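# Chains, contacts and geometry: an overview
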Amino acid sequence: MTEKEEKLRKFVDQYDIAVPQDRVEQELRLIRQDIMHRMRYEAMAGGRNYPFPAIELEKQKNELLQAAVFEVKSELVLKDLITKHGFTATREELEAEAAAMAERQNTTIEIIKRFFGEDLKMLESDVLKNKAREWIYAQME
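What you see is a predicted model; the values in this text were computed from it and never measured.

## What to know about the side chain of K73
Mapped onto the fold, K73 is located in helix α4 (residues 61-85). Buried within the structure, K73 lacks any salt-bridge partner; D13 is the closest side chain of opposite charge, at an N-O distance of 5.6 Å. A distance of 3.0 Å separates the side chain of K73 from the backbone oxygen of V12, its partner in a polar contact. Excluding its chain neighbours within four sequence positions, the residues that come into contact with K73 are V12, D13, Y15, I17 and V19.

Next comes the structure, spelled out in structure tokens:
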């Protein structure tokens, strides 16, 4: 885990916000489905075979529950911080994020704009969450 990930985890763990149990259960189902899919794919690809995947998942029950709680809570914390601090995304920031994404994906900004829309409005949530994360990292110094 990187230093930033540790800071984020610590901040989220300490943040006082209600975490709806139904959202945690939904996230846990998604995590379990993803792991089951990965197990099947690995076996089909000639890797490790999992004859009893449900037992494998049961062994990881506590870790998976903690992961689900963190995923749900971190989303809620970021959204709460965005609202409380009034973070906004400028056109320049959206363009910069699109350029960075294009570079990471080894594609062009034009293709990114075709996917996210010419105004890049669909990238706004990512930019705002990044601002909230950067705010968290600064607080945890």
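## Comments concerning the confidence of the model for the protein
Scored by pLDDT, the protein has a mean of 95; 100% of the residues are at 70 or more. Averaged pLDDT values for the elements of the protein fall to 89 in helix α3 (residues 53-59) and rise to 97 in α4.

## Some remarks on the packing of aromatic side chains
Under the definition given, this model contains three aromatic pairs. With 5.6 Å between their ring centres and 40° between their planes, F11 and Y15 make a pair best called tilted. Comparing F11 with Y15 shows no difference in burial state: the two are buried. When the centroid spacing of 6.0 Å and the interplanar angle of 85° are considered together, the rings of F11 and W135 count as edge-to-face. Residue F11 is found in helix α1 (residues 3-14), and its partner W135 is found in helix α7 (residues 124-139); the two are separated by 124 residues along the sequence. Aromatic rings pair up to connect F11, Y15 and W135 into one cluster.

Cut-offs and rules
Residues numbered from 1 in each chain as written. Predicted model: local features only at pLDDT ≥ 70, side-chain atom pairs only at ≥ 80, totals over all residues. Heavy atoms only, no water. Helix = DSSP H or I, 4+ residues; strand = E, 2+ residues; numbered from the N terminus. Buried < 20%, exposed > 50% of the residue type's maximum accessible area, 1.4 Å probe, protein only. Lys, Arg positive; Asp, Glu negative; His and termini not counted. Salt bridge = Lys/Arg side-chain N within 4 Å of Asp/Glu carboxyl O. Polar contact = N/O pair within 3.5 Å; in protein donor to acceptor, adjacent residues only side chain to side chain. Contact = heavy atoms within 4.5 Å. pLDDT = per-residue confidence, 0-100. Phe/Tyr/Trp six-rings, centres within 6.5 Å; stacked < 30°, edge-to-face > 60°.

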